[in-house]
Amino acid sequence: MTNTEQNLWLILAQAISGQETSLADFDDDKILEQANLHGIPQLLNSQVQAGTLSGVGDGLIEQLKSESFRSAAFDMTMNAATCKTLDLLAEREIPALLLKGTPVAHLYYPATYLRTRCDTDIYIREHDLEKAIAVLSGDDYHISKSENREISSKQFVAAMPSAQNSYIHFDVHWKLSNRVMFQHTLPFDECLETSQPVPSLGPNAMALSKTDLLIHACIHRIAHGRNTQRNRLIWLYDIHLVFEAMDELEKSDFLAAARQKEVATLCADALEVCHATLGTAVPDGYIKEMKEGSEKEPSAKLIGSSKLRWAWEDMQSLGSLSEKIAFARELLFDR
């Protein structure tokens, strides 16, 4: 980031967390560009309407309002499609869990449209993969990315036909992450056992537990794009909301789980950034305790690492030479 972008990033972080602030020192076009990049136009609009964010030009206010209306309309369509998709899987006895933004939006945001989403992420057992593909393709979903990139990608896309020749997209994961190091961090059956309902998406909507959602959010923050988007504000805000929704016992359980899963350094780093920028209420000594002894975790060395280092560590995490060769070939040639 340039100094201007860094300063704007900090002001935007303060704004979405409800701190009184002003954007008067920044160009409206730059504000909108960064708001879209960080997935927060709707959150900014809500703070303008609440009166905590000032210094925003009339033109930008109208653009933020327009984006919020668009997001609200899309949110309704996506929610209906998600209910249908989960019902289809349940009818065929395929357990499924919601990941990432959708369950966080429904369980922790004051309104679901405030959480920018372009798709919905669903987690299934690996042995249900072919069955899920058959179920969804049999209901006219367009299936893609289900056969290639078998080492470097553990998900397929199911696009549900919608109005006006558009599609609602679902990323269906049979591993937690495409990063090899994290594929077994939260096994499906373990997550299913502790899962929580998402009532607003119907009787078949289940999500990771609060602790598992937060661990996954901290992993995804640095795993997506191999550390190139670790300070994307919508992802930090997710972490902020879920952590602040925890009671003291849940925070204790989260700390213990992060250490047990060997991702404590990643989680501590996320909470440090959230505390410094969003004002996340982290108990005194909590981050220090989380970090103690965690510097030797395999994932700890990836904080701040380049994409090349990430790819190298992914390849080193694979078992056989044939898998390593296939992984390298996919990254180099199957784009």
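Residues numbered from 1 in each chain as written. Predicted model: local features only at pLDDT ≥ 70, side-chain atom pairs only at ≥ 80, totals over all residues. Heavy atoms only, no water.

### Comments concerning empty space enclosed by the protein
Across all of its chains, the model carries two cavities of 30 Å³ or more by this definition. Estimated volume of the largest cavity: approximately 100 Å³. Lining the largest cavity are K100, G101, V104, R115, L213, H216, A217, H220, W235 and D238. Contributing elements (two or more residues each) for the lining of the largest cavity: helix 5 (101-108), helix 8 (210-223) and helix 9 (233-244). At four residues, the largest contribution of residues to the lining of the largest cavity is made by helix 8. For the lining of the largest cavity, the per-class residue count stands at four nonpolar, three polar and three charged. By volume, the second largest cavity is sized at about 70 Å³. Lining the second largest cavity, in full, are Q42, E67, R70, S71, F74, D75, M78, R115, T116 and R117. Considering each element in turn, the lining of the second largest cavity owes the most residues, six residues, to helix 4 (residues 58-91). (1 Å grid on protein atoms, 1.4 Å probe; cavity = no way out; pocket = protein on both sides within 12 Å on 5 of 7 lines; lining within 4 Å. Points joined across faces, edges and corners; volume = space filled by probe spheres on them. Helix = DSSP H or I, 4+ residues; strand = E, 2+ residues; numbered from the N terminus. Nonpolar A, V, L, I, M, F, W, Y, C, P; charged D, E, K, R; others polar.)

### Points about unusual backbone geometry
Despite not being glycine, E93 shows a phi value in the positive range, around 60 degrees. Here E93 shows up in the loop between helix 4 and strand 3 (97-99). We note that K100 has phi near 60 degrees; this positive angle belongs to a residue other than glycine. Tracing the chain through its elements places K100 in the loop between strand 3 and helix 5.

### A closer look at the pairing of strand 4 (residues 119-123)
Burial analysis of strand 4 places five of its five residues in the buried class, which makes it a mostly covered element. Burial of the side chains of strand 4 extends over both faces: D119, D121 and Y123 are buried on one face and T120 and I122 on the other. In terms of strand pairing, strand 3 meets strand 4 through three bridges, oriented antiparallel. Across the sheet, residue L98 finds its bridge partner in strand 4, namely I122. Bridge count between strand 4 and strand 7 (residues 167-173): five bridges; the pairing is parallel. Of the residues in strand 7, the one forming a bridge with I122 is V172. (Buried < 20%, exposed > 50% of the residue type's maximum accessible area, 1.4 Å probe, protein only. Pairing = 2+ DSSP bridges.)

On their own, these measurements won't tell you what the molecule is for.
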